[in-house]
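# Observations on the model geometry
Given next are the chains, with one letter for each unit.
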Amino acid sequence: MRRYLTLYWYFLLQRFKILLEYRANFMIGASSTIILQIAGLLTIWVVMGQIPDLNGWGFDEVLLVYGLITLAKSINHMFADNLWTIGWSYVRSGQFDRFLVRPIDPLFHLLADRFCHDGIGNFLVGAALVAKSTASLGIAWTPFNALYLAVAVLSGGAIFIALNLITATSVFWITESIPVTQVIFNTHEFAQYPLTIYHRGIQILLTWVLPYGLASFYPASFLLGREVGALAWLSPVVALALLVIAFRVWLFGLRHYSGTGS
Amino acid sequence: MPIIQAENLSKVFRIPHKDPGVAGAFKAVLRPRFEDKVAVNGISFSVEPGEIVGYIGVNGAGKSTTIKMLTGILMPTRGNVQVLGRDPHRQRVANARDIGVVFGQRSQLWWDLAFIESLNLVAKIYEVPPARYKQLLDQFAETLELGELLRVPIRNMSLGQKMRAELAATLIHAPRIVYLDEPTIGLDLIVKERIREFIKQQNRAAGTTVILTTHDLGDIEELCPRVIIIDAGALIYDGPISTIKARFGKYREITFETLGDASACAVPPGAEIVGAEPRKLTLRFDRTLTTASQVAQAVMNAIEVKDFSLAEPDLASVIKQIYGGALREPVTP
Amino acid sequence: MMQALRRRIKVYGAFAAMAPKDYFAYTAWVWVEFIAQFLTMTIFVHFWRAVYANTSTLNGLNLPQTLNYIMLAQVLAPLVQTRTIFQFGFLIQNGQMAIELLRPVDFQARVLVDTLGWLGMYALLKTPLLLIAVILFGLQLPTSPAVWLAFGILLVLGRAVVFYFDWIFACLAFYTTETWGLSVVRVGVATFFSGILIPIAMMPGWLQQLAGAMPFAQAIYVPTSLLSGIASLADAPRVLLIQLGWLIALAILSRAVFNVAIRKVTVQGG
């Protein structure tokens, strides 16, 4: 464990040295996601300015939901972006074989290989939204609330990563996993808004099947004092379980790969 | 005690069979059918520590599949492989510490960074102790003339410089076995020489075992006392390079430039036609059956010869003959 | 949705728009885009229903009008979420640009024809999406052939306007290698100011002015307003004239800018 943390640090340093070689690219990449987020936020701002509330949720309350999902997504974006590009830049190019002749775990190697700076923009937007909304809503940053938020965001990030890992594993059968990943990943956009605006079936989907709701709606509800029962505490449990399942699926895919070489 | 031992090693791929078109795609999903493709078929060999072995075959013969099984990337379908006493697939990580792999033109170096940055990180991945790392670095800096290259980003290197850098990165953890896939491809002669020299030196000084796949027969002639030839997944030759040369070296080729029509000439006994053009005739003859002067005499008696030349077959033509079916049964050295 | 097609184009972008014929090779992407559009449409329908829960009109638009507009805009969205600059970067970096410029047929004209020709295929591909919207979410489509005809003209012209704008913006690729980040910015701006997310009429004055100063609305807001019933057919000639103004101005400008920019390629010998 300690060895992997140290190694991750060295990979990260290596990545930043590359990014410093291309400073302008770094700035454009990191800020491009901010612009993309502003488009969605302007919509909420314009619409919410004309109505008192969205299904009982005020402007700042919606921003909190939106901010939490953005933070969780940014963790996935920064630390696990290679799950998107595994087919194109690793498996089909043969670079994945390199990971298999090195004395470290291939999944670790894949994730550590590229920290994605574009995610920084998402992180900043998410953090700003959470800071702004909690301040406006008078949610105090007590140690308990801070810890709860941290756990919620990390669990949310883990849910994103686990689902992407499962879909990325399809690469070992179909050599390009982006379409599969894209379809599952897109459903997270439901969780940018309070789940109560949706049909019951969609709520169940976003809670129990593709639990992106656990990254935004339920933690936000808890912080706002809205009754969601045990679901307020479920994120870390589900995240952990999902990670274990995802890693199993990944190992299964890896065995298939060593059986076929793709 | 062999360092690599392969017994009856086979790899069969199951390839999904797809009919063309949308209907075919649907069928492939609903009722998938598979075809078996035998990439490697019952290969056995063993390699002793410190050997340099040339592993050759045409594209698609099963070379890289074998290498992938030896390095632990692929699991054999049948048979058994032991590298340093381990199963390279099941004990992949332990095996990885002891081997180094150069994958053709696929680099393991960070394109945008100074070479030394790549080396540092590779050393960290392999947990090379700092003192040992420094010692090896100094040694490579000298033997591969890397000194001035350490600060150069890979993207600014020439092909030859890149390969030197690649070799250094592959050997920086002092692996006991290295697998080199086409290490000299695309390089000019001087750089090739230098790289071969380095491989030889590494083998002699550190006792590193080398498995080399290449299309460059110069590599084989200079580096490999022993070659393993595979064709269509099966081993067709395993033995010293000298046996092959001796066996096929009994043939000579003689080429005549003629004034008259060469195709009219009768073939002298003990010789056969390799190529015939209106003004050019190439014959191959068996030295144990006839002599160059007898063949030349016979031809000159038949037609007017302007010039002629005699060639000793190089390994390239030997290999060509072997692939062409001259070695239907394995030769025992 | 804004990030939805991001990866697809990152990998195949260079092919997708430059040669729509090849697009069918990537059937999977057609499905992904389809599903992504359907998901986003579902989100938007629920979102707007919640918005209208306590009010019958917003800026003069009632719920059916807004839903009509939002669903149709969603169907058309990929048409303005283009990444020409990234494709330019791709062509320049692999040396293909120099080859394109050497061909006897005008490069820009060829890509324009491809782009507009693709609209026909696009209509065919998205018809099922329209049907789903009609069945599931009560989308109402006009019956008057005149409206459909006017819509078609406005859409083609609007797409051409965006094409010429993209051509100018893409020339930045001759001066920087970070074309991916710039294309993300371009998609983000276009997604909002084309009116995909909200009808421009609902925006506050200053945002409406900004949207009017950009070309993107010509390809989404203008044709969609007509087809969804927000704008009347009587208004069509006026907006058509405005579109033509945009078209001529950007067409001329795009050729001038491109001719300056390609000196970078020709000077360096490609």
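Computed from a prediction, not measured in an experiment: that's the story for all the values here.

Before going further, it helps to examine the pairing of strand E1 (residues 4–17) of chain B. Residue and element names in this part refer to chain B. Relative to strand E2 (residues 33–47), E1 is paired through 11 bridges, and the arrangement is antiparallel. When the bridges of E2 are listed, Phe-13 appears paired with Lys-37. Summarising the sheet, E1 and strand E4 (residues 78–83) pair through five bridges and their orientation is antiparallel. Across the sheet, the residue bridging to Ile-4 is Val-83, located in E4.

Between chain B and chain A, the residue contacts involve 30 residues of the former and 28 residues of the latter. With a closest N to O distance of 2.6 Å, B:Glu117 and A:Lys17 form a salt bridge. Between chain B and chain A we count 20 residue pairs in polar contact (both at pLDDT 80 or more) in total. Where the side of chain B that touches chain A is concerned, the elements lending two or more residues are E1, helix H2 (63–71), helix H3 (92–98) and helix H4 (115–125) of chain B. With six residues, the single largest contributor to the side of chain B that touches chain A is H4(B). Grouping the constituent residues of the side of chain B that touches chain A by class yields 14 nonpolar, five polar and 11 charged.

Residues and elements named next belong to chain A. Across the interface, helix H2 (residues 23–48) lies against helix H3 (residues 59–79) with an axial gap of 11 Å and an inter-helix angle of 165°. Classified by the angle between their axes, H2 and H3 sit roughly antiparallel to one another. Regarding H2 and H3, the two cross each other, and that crossing is right-handed. For the pair formed by H2 and H3, the contact residues are Thr-33, Gln-37, Gly-40, Leu-41, Ile-44, Trp-45 and Met-48 on the first element and Phe-59, Val-62, Leu-63, Tyr-66, Thr-70, Lys-73 and His-77 on the second. Tallied by class, residues from the contact of H2 with H3 come to eight nonpolar, five polar and one charged.

A separate point is a nonpolar patch on the surface. On the surface, a nonpolar cluster with roughly 550 Å² of combined accessible area is contributed by C:Leu131, C:Val134, C:Ile135, C:Leu136, C:Leu141 and C:Trp148. Within the secondary structure, C:Leu131 is located in helix H6 (residues 107–137).

Each assigned domain of chain B is listed here: domain 1 (49–240) and domain 2 (250–326). Centre-to-centre, using C-alpha coordinates, domain 1 of chain B lies 41 Å away from domain 2 of chain B.

We describe a pair of aromatic rings using the distance from one ring centre to the other and the angle between the two ring planes. Residue and element names in this part refer to chain C. Overall, the coordinates contain 52 aromatic pairs over all chains when judged by the stated rule. Plain terms: the ring middles of Trp-167 and Phe-258 are 5.3 Å apart, the flat faces sit at 55° to each other, and that makes the pair tilted. Residue Trp-167 is located in helix H7 (residues 145–170), and its partner Phe-258 is located in helix H11 (residues 236–261); the two are separated by 91 residues in the primary sequence. Take Trp-167 and Phe-258: they sit in the same class, and that class is buried.

Residues and elements named next belong to chain A. As for its position among the elements, Arg-114 is in the loop between helix H6 (106–112) and helix H7 (118–137). At 3.0 Å, the side chain of Arg-114 forms a polar contact with the side chain of Asn-82. Those residues in contact with Arg-114 that sit more than four places away from it in its chain are Arg-15, Met-78, Asp-81, Asn-82 and Thr-85.

Residue and element names in this part refer to chain B. The strand order E11-E12-E10-E13 describes an open sheet built from four strands, whose pairing is antiparallel. A strand with exactly one partner marks an edge of an open sheet, and here the two such strands are strand E11 (271–277) and strand E13 (305–311). Shown here is a sheet whose adjacent strand axes are inclined to one another by a mean of 20°, direction ignored. Pairing of strand E10 (residues 251–258) with E13 involves six bridges; the strand directions are antiparallel. Bridge assignment links Glu-257 to a residue of E13, and that residue is Asp-307.

Low pLDDT means the predicted coordinates in that region are not meant to be read closely. Residues of chain B with pLDDT of at least 70 account for 89%, and the chain-wide mean is 86. Across residues 329–333 of chain B, where pLDDT falls below 50, the model places eight contacts with residues more than four positions away in sequence or in other chains.

Right, let's get into helix H4 (residues 82–91) of chain A. An α-helix turns once per 3.6 residues; consequently, residues spaced three or four apart project the same way. Taking burial as the measure, the 10 residues of H4(A) include eight buried ones, the bulk of the element. Listing the buried residues of H4(A) in full gives A:Asn82, A:Leu83, A:Trp84, A:Thr85, A:Ile86, A:Gly87, A:Tyr90 and A:Val91.

A separate point is the arrangement of the chains. Take the two pairs of chains in contact: the one carrying the most contacts is chains A and C. The two units chain B and chain C never meet; even their closest C-alpha atoms stay 10 Å apart.

Right, let's talk about the interface of chain C and chain A for a bit. Across the contact, 47 residues belong to chain C and 41 residues belong to chain A. Together chain C and chain A conceal approximately 3900 Å² of surface at their shared face, both sides included; 71% is due to carbon and sulfur atoms. Run the count over chain C and chain A and you get zero salt bridges. At the surface where chain C touches chain A, the tally comes to four residue pairs in polar contact (both at pLDDT 80 or more). Of all elements in the fold, only helix H1 (6–16), helix H2 (27–51), helix H8 (179–193) and helix H9 (205–213) of chain C reach the threshold of two or more residues within the side of chain C that touches chain A. For the side of chain C that touches chain A, the element with the most residues is H2(C), which contributes 14 residues. Of the residues belonging to the side of chain C that touches chain A, the class tally is 31 nonpolar, 11 polar and five charged.

Right, let's get into the environment of A:Ala168. For A:Ala168, the position within the fold is in helix H8 (residues 143–168). Look past the residues within four positions of A:Ala168 in its chain and what remains in contact with it is A:Leu83, A:Ile86, A:Ser177 and A:Thr181.

Residue and element names in this part refer to chain B. Ordered in space as E2-E1-E4, the three strands form an open sheet in which the pairing is antiparallel. Each edge of the open sheet carries a strand with a single partner, namely E2 and E4. Recorded for the sheet is a direction-independent mean angle of 30° between the axes of neighbouring strands.

With 171 residues, the main nonpolar core has A:Phe96, B:Ile4, B:Tyr179 and C:Trp48 as its most contacted residues. Looking at this core, the element that brings in the most residues is H2(C), giving 13 residues. Sequence-distant contacts of C:Trp48, defined by excluding residues within four places in its chain, comprise A:Val47, C:Leu58, C:Leu63, C:Thr66, C:Leu67, C:Ile70, C:Leu197, C:Ile198 and C:Met202. Listed in part, the 65 residues of the second largest apolar core include A:Leu7, B:Leu144, B:Leu187 and B:Phe198.

Now for the packing of helix H3 (residues 63–76) of chain C against helix H10 (residues 221–228) of chain C. Residue and element names in this part refer to chain C. The geometry of H3 relative to H10 is characterised by a closest axis approach of 9 Å and an angle of 135° between their N-to-C directions. Relative to H10, the element H3 lies oblique. As H3 runs across H10, the sense of the crossing is right-handed. Within the contact between the two elements, H3 uses Asn-68, Tyr-69, Leu-72, Ala-73 and Leu-76 and H10 uses Tyr-221, Thr-224, Ser-225, Leu-227 and Ser-228. When the residues that make up the contact of H3 with H10 are grouped by side-chain class, the tally is six nonpolar, four polar and no charged.

Parameters and conventions
- Residues numbered from 1 in each chain as written.
- Chains lettered and ligands numbered in written order.
- Predicted model: local features only at pLDDT ≥ 70, side-chain atom pairs only at ≥ 80, totals over all residues.
- Heavy atoms only, no water.
- Pairing = 2+ DSSP bridges.
- Helix = DSSP H or I, 4+ residues; strand = E, 2+ residues; numbered from the N terminus.
- Contact = heavy atoms within 4.5 Å.
- Salt bridge = Lys/Arg side-chain N within 4 Å of Asp/Glu carboxyl O.
- Polar contact = N/O pair within 3.5 Å; in protein donor to acceptor, adjacent residues only side chain to side chain.
- Nonpolar A, V, L, I, M, F, W, Y, C, P; charged D, E, K, R; others polar.
- Axes fitted to C-alpha atoms, helices over the stretch in contact; angles between N-to-C directions.
- Parallel < 35°, antiparallel > 145°, perpendicular 65-115°, else oblique.
- Left-handed = near helix turned anticlockwise from the far one by under 90°.
- Patch = residues over 30% accessible without salt bridge, like charges linked within 9 Å, V, L, I, M, F, W, Y side chains within 5 Å.
- Areas by Shrake-Rupley, 256 points an atom, 1.4 Å probe, with all protein chains shown as cover.
- Domains from an automatic or database assignment.
- Phe/Tyr/Trp six-rings, centres within 6.5 Å; stacked < 30°, edge-to-face > 60°.
- Buried < 20%, exposed > 50% of the residue type's maximum accessible area, 1.4 Å probe, protein only.
- pLDDT = per-residue confidence, 0-100.
- Buried area = accessible area lost by both parts, 1.4 Å probe.
- Core = buried A, V, L, I, M, F, W, Y, C linked by side-chain atoms within 4.5 Å.

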